[in-house]
Every structure is written in structure tokens, then in C-alpha cells.
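Summary of the model geometry
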Amino acid sequence: SHGAAQGSHGAAQGSHGAAQGSHGAAQGSQAVDQGSHGDGQMTATDVSGSSCNSETAEPDEKLDFHLDLLYHGILLMSQKYSTRFGDGEGALAFWKNSIGDYHQEKKPKYRICAHRKVAACAGCLGPKVQCDVLHNCFINDKGLADSNIEGDLKVEHVNAQFKAGLIHLCGNYTEPALQRIAMSMDMTDQLKEKLYPQYVDSEDCILSEHVGHRVADWEDQIKKGVEDVMDSKIFEITPGRKMPGAPQYKRKTSVDFKGLRRFIKNYNKELEYYIKDTYVNAE
């Protein structure tokens, strides 16, 4: 669909595309809805509503499920591109967009985290924190173009490597032993090529060196998936069709903005008290 192509192309343009990824995804779903009208049958389908016949009012649960899948797939793809390109403004746009989802899914921890992220990017915690949260939240640990990852994710990778090294200590957690594990976390990966024997009659080593992040070529799989979707007529409206594995599926087309505003108002008060106690009173 034209809108979906716009969402994907916009994401690939770096900062401008990633910031508009959500809008492009919405256009993509809407375009698919419009393309599935086909025979001119009067239907009530768009990105904000469920697909149902205006006369029978029987929803097409299978179409609704795949429309949601399409929308969130394009959205996640745009988010991934904003991270790879190091686009802090685009990532901030996705954080703002996620607050409503966290509220609807009843995830208060992530809702608070998103609010704090937006507040920090707005400069509520000072210009240094604003710059760090907005532009220094990504890490390029390979030195390649467009190969950034989230800073939090890099911390998780380092923690996983450190915990893997602790297993070999067998409970002897002394300070020198911990320092040795911390300083040799990358050494194992660098020595794997030398430590693993070469038994095959080939000049190529068994363990090939990976530069940058591993990106699989999904072109053939995507092409086959699109062909399967077209053959099964997923995006053609069929009133009363059920979605296997998701009985009585219904699209979530509304957000409790009243309740969301109430929580944000409370978060603003808590943040104001925190700023006053931490910065104003400290001075």
C-alpha cells in the first residue's frame, strides 16, 4: 500500500522519517483498508475502527487482527531505524506515542518511565540531562555507520557477559577475581577463532568474524509471506470471519485520555516536588 511504503521510506530517511514513522504506519493501515473495499461494498473500515459491514454489523476479526499487526509492524520497524540512525528526536516521538499504549495496557512502570523521558527531553532536569537523554542515549560499539543500539541494551549485554564469567568462579567471589572477570569479558570472543580447532579441509575458519550487528536477509521470506497473504485474501473484507487462536478479537480503537491526563497531572506534581527538593533546595 502507498501509505505503508511511505512509512517504511520515511523511516529510512533518518531523523525526519523516524519521527513520522507512526503517521506513516497509520497511513499504511488506512490504505490497506481502502484497497480491500474491492467491489464498492459499503463498509466501515479505517485505521481507527473495526472492519464490519454497515448492514450486518458483523466484524471481520481476522482482518482486524492483521490490520493491527500491520500497523504495529511498521511502527516497530520505524522505531528500529530511529535507533540505528541515532535519531533522538524520532525516538522521543515514539516514547510520546507509547504513553497511551502503556496506559491502555495497564503498565504503570513504563508509563512513568515514558513520562520521565519526555520531561527530561523537555529540559525539566537541566540542559545537560536534556542533551544526554535526547542525543547521547545511543551507543555505537562497532564504529560502523547506522549501527547504533540503545544504551540500556548495551548495559544489558555487558551484564550478561559479566554474569557468564562469574559461573567459572564457582562461588569464589573475591575482589581480585571479580576484577579479572570484568577486565577479560571481551577476551573470550577474541580468542575463539584460535581456541576452536579446524577439522574441515578449508581455508575458511569455522567461526567467521561478524562486523556490526547481524542482519539476516529476510527478502525471500517476506516475499513468500506477502504471496501467502494475497493467496489467502487476508485483507479482503469477509464479515463474520474469525481469527484462529484469538477468539472474539476486537481492535482497540480508543484511548482513555481522561484517565491518562489524570495520571500525567499526578506525575507532573511528583516531578515538580523532585526538582524542588533536588535542585532548588540544594542551591
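Scroll up to find the structure this text is about.
Remember, predicted model here, so these are calculated numbers, not experimental data.

1. Describing helix H12 (residues 257–280)
Given a rise of 1.5 Å per residue, 24 residues ought to cover 34 Å, and the 32 Å separating the end C-alpha atoms of H12 matches this to within 8%. Those residues of H12 that are buried are in contact with helix H5 (88–104) and helix H6 (108–121).

2. With respect to the state of the cysteines
The tally for this structure, following the rule as stated, stands at 0 disulfides. Cys124 carries a free sulfur, and the closest cysteine sulfur to it, the one in Cys121, is 9.9 Å from it. On the basis of relative accessible area, Cys124 is assigned to the partly exposed category, the value being 37%.

3. Description of a nonpolar patch on the surface
A cluster of nonpolar side chains, contributed by Trp218, Ile222, Val226 and Met230, occupies part of the molecular surface with about 460 Å² of accessible area. Turning to its location among the elements, Val226 is positioned in helix H11 (residues 219–232).

4. Here's the deal with the packing of H5 against H6
Put simply, H5 and H6 touch, their axes get as near as 9 Å, and they point 150° apart. Taken as axis vectors, H5 and H6 run roughly antiparallel relative to one another. For the crossing formed where H5 meets H6, the hand is left-handed. Of the residues in H6, those touching H5 at Leu92, Trp95, Lys96, Ile99, Tyr102 and His103 are Tyr110, Arg111, Cys113, Ala114, His115, Lys117, Val118 and Cys121. Residues that form the contact of H5 with H6 fall into these classes: 9 nonpolar, 2 polar and 3 charged.

5. Considerations on the packing of aromatic side chains
With the rule as written, the count across this model stands at 4 aromatic pairs. On the basis of an interplanar angle of 35° and a centroid distance of 5.6 Å, the ring pair of Tyr102 and Tyr110 is categorised as tilted. Residue class for Tyr110 comes out partly exposed when judged on its relative accessible area of 42%. Here the aromatic rings of Phe263 and Tyr267 are separated by 6.3 Å at their centres, their planes lie at 35°, and the arrangement is tilted. Taken together, the residues span about one helical turn, with Phe263 and Tyr267 both in helix H12 at a distance of 4 residues.

6. Details of the packing of helix H4 (residues 61–84) against H5
Their axes nearest at 9 Å, the elements H4 and H5 cross at an angle of 145°. Read as a crossing pair, H4 and H5 show a hand that is left-handed. Contacts between H4 and H5 involve Tyr71, Leu75, Ser78, Gln79 and Ser82 from the first element and Gly90, Ala91, Phe94, Asn97 and Ser98 from the second. Looking at the contact of H4 with H5, its residues break down into 4 nonpolar, 6 polar and no charged.

7. Side note on the nonpolar core
By size, the foremost hydrophobic cluster in this structure holds 5 residues: Leu92, Ala120, Cys121, Val133 and Leu134. If you list the elements that add at least two residues to this core, you get H6 and helix H7 (127–135). Not counting residues up to four positions away in its chain, the partners in contact with Leu134 are Gly88, Glu89, Leu92 and Cys121.

8. Looking at unusual backbone geometry
For Cys170, which is not glycine, the phi dihedral falls at a positive 55°. Take Cys170: its relative accessible area is 67%, and that puts it in the exposed class.

9. So, the side chain of His103
On the secondary structure map, His103 appears in helix H5. His103 sits in the buried class, given a relative accessible area of 8%. Not counting residues within four places of it along the chain, the set of residues in contact with His103 comprises Arg111, Asp256, Gly259, Leu260 and Phe263.

10. Examining H11
For H11, built from 14 residues, the straight-helix expectation of 20 Å at 1.5 Å per residue is met to within 8% by its first-to-last C-alpha distance of 20 Å. Lys233 sits one or two residues past H11 and shows a positive phi near 55°.

11. Concerning the pattern of salt bridges
As enumerated under the stated definition, the model contains 8 salt bridges in all. Measuring nitrogen to oxygen at the nearest pair gives 3.8 Å for the salt bridge that ties Glu270 to Arg116. Of the two residues, Glu270 is situated in helix H12 and Arg116 in helix H6; the sequence distance between them amounts to 154 residues. For Glu270, a relative accessible area of 44% puts it in the partly exposed group. The residue Lys154 makes a salt bridge to Asp141 at a minimum N-O spacing of 3.0 Å. Taken together, the residues Lys154 in helix H8 (residues 151–166) and Asp141 in the loop between strand E1 (138–139) and strand E2 (149–150) connect sequence positions 13 residues apart. On the basis of relative accessibility, which here comes to 24%, the residue Lys154 falls in the partly exposed class.

Cut-offs used in this document
- Residues numbered from 1 in each chain as written.
- Predicted model: local features only at pLDDT ≥ 70, side-chain atom pairs only at ≥ 80, totals over all residues.
- Heavy atoms only, no water.
- Helix = DSSP H or I, 4+ residues; strand = E, 2+ residues; numbered from the N terminus.
- Expected span 1.5 Å × (residues − 1).
- Contact = heavy atoms within 4.5 Å.
- Disulfide = S-S within 2.5 Å.
- Buried < 20%, exposed > 50% of the residue type's maximum accessible area, 1.4 Å probe, protein only.
- Patch = residues over 30% accessible without salt bridge, like charges linked within 9 Å, V, L, I, M, F, W, Y side chains within 5 Å.
- Areas by Shrake-Rupley, 256 points an atom, 1.4 Å probe, with all protein chains shown as cover.
- Salt bridge = Lys/Arg side-chain N within 4 Å of Asp/Glu carboxyl O.
- Axes fitted to C-alpha atoms, helices over the stretch in contact; angles between N-to-C directions.
- Parallel < 35°, antiparallel > 145°, perpendicular 65-115°, else oblique.
- Left-handed = near helix turned anticlockwise from the far one by under 90°.
- Nonpolar A, V, L, I, M, F, W, Y, C, P; charged D, E, K, R; others polar.
- Phe/Tyr/Trp six-rings, centres within 6.5 Å; stacked < 30°, edge-to-face > 60°.
- Core = buried A, V, L, I, M, F, W, Y, C linked by side-chain atoms within 4.5 Å.

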